[in-house]
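Okay, here's what each chain looks like letter by letter:
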Amino acid sequence: MMAKSSSLPAEFQDEVVQIISELGLSGYIRLLIDYPVRLDEARLSIALRRLLDAEPVLGCRFVLEQGKPVWQRRDDLDQIANCPVAVGEDVDGITAPLLAERFVPYNSPNLSAVLIRSSSQPGDRLLLRVSHGVADGTAALDVAIALADLYTRLGGDPEYRPAPNDASRDSFLWMKNFKLRDRLELLLHDLKYLPAAFGPRRGLVADAETFLAHIETLEPAYQTLRFDAHRLAELDRYAHEHQATLNDIFLAAFFRAFDAFCPYPAEARLELVMPTNLRRYAPLQRRPAIRNLAGTTYIRLAAGLGATFTDTLAKIRRETLRHKQRLLGTEGQLATLWLARASFASKQKLIHRQILRDLKRPAPPVLTNLGHVQAHKLSCDGTAPTGLAIYGEASPAPVFLSALVRMDDSLSFTVSYDRRLGAGRVDAFIKRLGVCLTLTA
């Protein structure tokens with residue numbers, strides 16, 4: 001526990017995310033939360049400071065001690081907890097450069113916040129940055145919920161301090177309930193579908209020299225597509241009629257939009273990477289730890305999406321059902337057990353080499369569905385937010401990262417990318433996705 005020590009062990013997934021962040025492929029998870037009222041920035045700063053104590057890993061820096069990775073307590077927590085306020089007429093204009101601020105491996109804080117405020121309109125926008133090195137998307141939402149709760153509690157009791165969280169951050173906690181036979185079955189299933197990972201696929205390619213140069217000269221860009229209550233009700237109704245999930249519908253729309261974004265080679269399969277929450281398999285924790293506990297699902301469709309949206313949706317439903325029957329998100333997880341035992345230097349060398357080698361293969365897009373968040377859980381002093389959007393780290397690789405999150409009767413779809421990928425192309429992709437979601441494409 002941090003109360004007894006100035007450091008915490010770094011978990012396997014922490015190490016992996018840290019290593020890929022060195023190549024600009026990971027960094028901050030950014031949450032934009034819109035409130036219809038003004039927040040007290042002084043109280044918010046106090047809440048941030050106490051959250052850094054309540055969730056000890058948030059107040060740490062990733063360091064190597066004699067080659068071993070650990071989370072070491074920072075000595076600048078008061079400065080980190082300070083929540084500045086950016087004020088102006090154009091809230092979106094203020095937001096854009098703040099979203100584009102890049103994560104610096106080994107130095108950037110694991111948690112920081114900015115209040116963005118209109119000089120003429122009521123309400124505040126909270127930009128919360130959570131390092132992917134300590135948290136996946138689900139945990140980042142947990143951080144936001146904990147911060148809102150702390151802020152509210154401090155309004156009634158300025159001395160309130162939650163106890164430090166000592167729950168396990170084990171990267172393989174999801175496997176605790178699995179017997180040896182279960183693990184062997186998962187491994188055999190992976191081996192069975194391993195050939196599907198090879199062969200031609202759609203996507204953009206790069207070379208190592210260009211990629212390495214772009215790490216330093218990255219031009220982060222972000223776009224957002226929002227759905228109001230009426231539009232979302234139509235999607236819910238369509239899902240019910242076709243015995244599908246909202247995730248199925250978005251996957252179908254995504255594939256049809258990406259088919260137009262990257263039409264060649266026409267005979268190659270379409271593939272999408274979908275990070276998946278593995279907490280559903282882990283032992284319950286009364287107060288879950290802030291940690292990375294995500295798996296990966298590769299959604300693969302052979303050439304030919306069908307003439308209509310309904311045709312594509314049918315293909316998606318068959319593919320997602322196959323994954324669900326196998327334990328969604330566990331694909332390839334057992335294969336990392338051997339890597340977890342290697343030294344940090346060995347992991348670093350191997351992962352960097354693999355990433356640079358894979359640049360020659362078309363890069364599949366990434367879609368993270370963060371599920372349904374109840375707005376009241378993000379309430380401050382009883383006032384729920386009216387908007388929520390989540391953004392990843394723009395990548396120097398020729399790929400865009402997208403995230404989907406629902407909050408009550410609203411939904412946002414975001415895209416994070418390097419501007420050199422082509423703002424016009426990404427905009428056309430988003431418009432095509434929107435057209436597909438009218439369910440008439």
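Calculation notes
- Residues numbered from 1 in each chain as written.
- Predicted model: local features only at pLDDT ≥ 70, side-chain atom pairs only at ≥ 80, totals over all residues.
- Heavy atoms only, no water.
- Pairing = 2+ DSSP bridges.
- Helix = DSSP H or I, 4+ residues; strand = E, 2+ residues; numbered from the N terminus.
- Axes fitted to C-alpha atoms, helices over the stretch in contact; angles between N-to-C directions.
- Contact = heavy atoms within 4.5 Å.
- Core = buried A, V, L, I, M, F, W, Y, C linked by side-chain atoms within 4.5 Å.
- Buried < 20%, exposed > 50% of the residue type's maximum accessible area, 1.4 Å probe, protein only.
- Salt bridge = Lys/Arg side-chain N within 4 Å of Asp/Glu carboxyl O.
- Phe/Tyr/Trp six-rings, centres within 6.5 Å; stacked < 30°, edge-to-face > 60°.
- Lys NZ or Arg CZ within 6 Å of the ring centre and 35° of its normal.
- Polar contact = N/O pair within 3.5 Å; in protein donor to acceptor, adjacent residues only side chain to side chain.

Chemist: Can you help me understand the sheet that holds strand β6 (residues 111-118) in this one?
Modeler: Strands pair in a sheet through their backbones, by hydrogen bonds, and they do so in one of two ways: parallel or antiparallel. Spatially, the five strands line up as an open sheet ordered β5-β6-β7-β2-β12, and their pairing is mixed. Sheet topology places β5 (85-88) and β12 (387-391) at the edges, where each strand pairs with a single neighbour. Strand after strand, the sheet turns through a mean of 15° between neighbouring axes, direction not considered. Where strand β2 (residues 28-35) lies against strand β7 (residues 124-131), eight bridges are found, and the strand directions are antiparallel. The partner of Y28 across the bridge, within β7, is S131. Against the sheet, helix α2 (residues 41-54) engages β5, β6 and β7, with an angle of about 165° to β6. The strands that helix α4 (residues 91-99) touches are β2, β5, β6, β7 and β12; relative to β6, the one it contacts most, it runs at about 160°.

Chemist: Just to check I follow, could you spell out unusual backbone geometry for this structure?
Modeler: With the exception of glycine, the majority of residues adopt a negative phi angle, and the majority of peptide bonds are in the trans configuration. Cis geometry marks the peptide bond from Y264 to P265; its omega dihedral reads -10°. Tracing the backbone shows P265 in the loop between α9 (246-261) and β9 (270-277). One non-glycine residue with positive phi stands out, namely L327, at about 95°. The phi dihedral of D408 is positive, around 55°, even though this residue is not glycine.

Chemist: In this structure, what is going on with the nonpolar core? I would like to understand it.
Modeler: If you look at soluble globular proteins, the nonpolar side chains tend to sit buried side by side. Formed by 75 residues in total, the largest nonpolar core has its most connected members in L31, L111, L128, W174 and L388. A per-element tally of this core places helix α5 (residues 137-156) first, with ten residues. Apart from the residues lying within four places of it in its own chain, the contact partners of L388 are L32, I33, L141, R226, V373, L378, V405, M407 and S412. Within the second largest apolar cluster, 44 residues are counted, among which are C262, L272, I299 and Y417.

Chemist: Sorry, what's going on with the pattern of salt bridges here?
Modeler: Opposite charge on two side chains makes pairing possible when the charged atoms of those side chains draw close. Using the criterion set out here, one finds 29 salt bridges in the structure. Across the salt bridge formed by R74 and D76, the nearest N and O atoms sit 2.9 Å from each other. Here R74 matches D76 in class, with each residue buried. Its salt-bridge partner being E271, residue R269 comes within 2.7 Å of it at the nearest N-O pair. Each member of the pair, R269 as well as E271, carries the same accessibility label: buried. Via salt bridges that share partners, R201, R269, E271, R300 and E331 belong to a single interconnected network.

Chemist: Would you take a moment to explain the packing of aromatic side chains for this structure?
Modeler: For any pair of aromatic rings, geometry is given as the distance between the ring centres together with the angle between the planes. This model, assessed by the stated rule, comprises 20 aromatic pairs. Taken together, the ring pairs in this structure connect F227, F250, F254, F258, F261, F400, F413 and F429 into an aromatic cluster. Here the basic side chain of R43 rests over the ring of Y151, its NZ or CZ set 4.0 Å away from the ring centre. Geometry around F261 places R425 over its ring, the cationic atom sitting 4.2 Å from the centre.

Chemist: Looking at this structure, I do not really get the side chain of R129. What am I missing?
Modeler: Position of R129 among the secondary structure elements: in strand β7. Here R129 falls in the buried class, since its relative accessible area comes to 6%. Of note is the side chain of R129, whose polar atom sits 3.5 Å from the backbone oxygen of L98. A polar atom in the side chain of R129 sits 3.1 Å from the side chain of E101. Excluding residues within four positions of it along the chain, R129 makes contact with Y28, I29, R30, L98, E101, N110, L111, S112 and V114.

Chemist: Would you take a moment to explain the side chain of S45 for this structure?
Modeler: Of note, S45 is situated in helix α2. Residues within four places of S45 in sequence aside, it is in contact with A81, N82 and C83.

Chemist: It is not clear to me how the pairing of β6 should be interpreted in this structure. Could you clarify?
Modeler: Each regular strand carries side chains that alternate between the two faces of the sheet. Burial analysis of β6 places eight of its eight residues in the buried class, which makes it a mostly covered element. Neither face of β6 is exposed, since L111, A113, L115 and R117 on one face and S112, V114, I116 and S118 on the opposite face are all buried. By the bridge criterion, four bridges tie β5 to β6 in an arrangement that is parallel. Bridging across to β6, V87 finds its partner in R117. Pairing between β6 and β7: seven bridges, direction antiparallel. Counted as the bridge partner of R117 is D124 from β7. Where β6 folds back on β7, the antiparallel hairpin that results is connected by five residues, among which G123 adopts a positive phi of roughly 100°.

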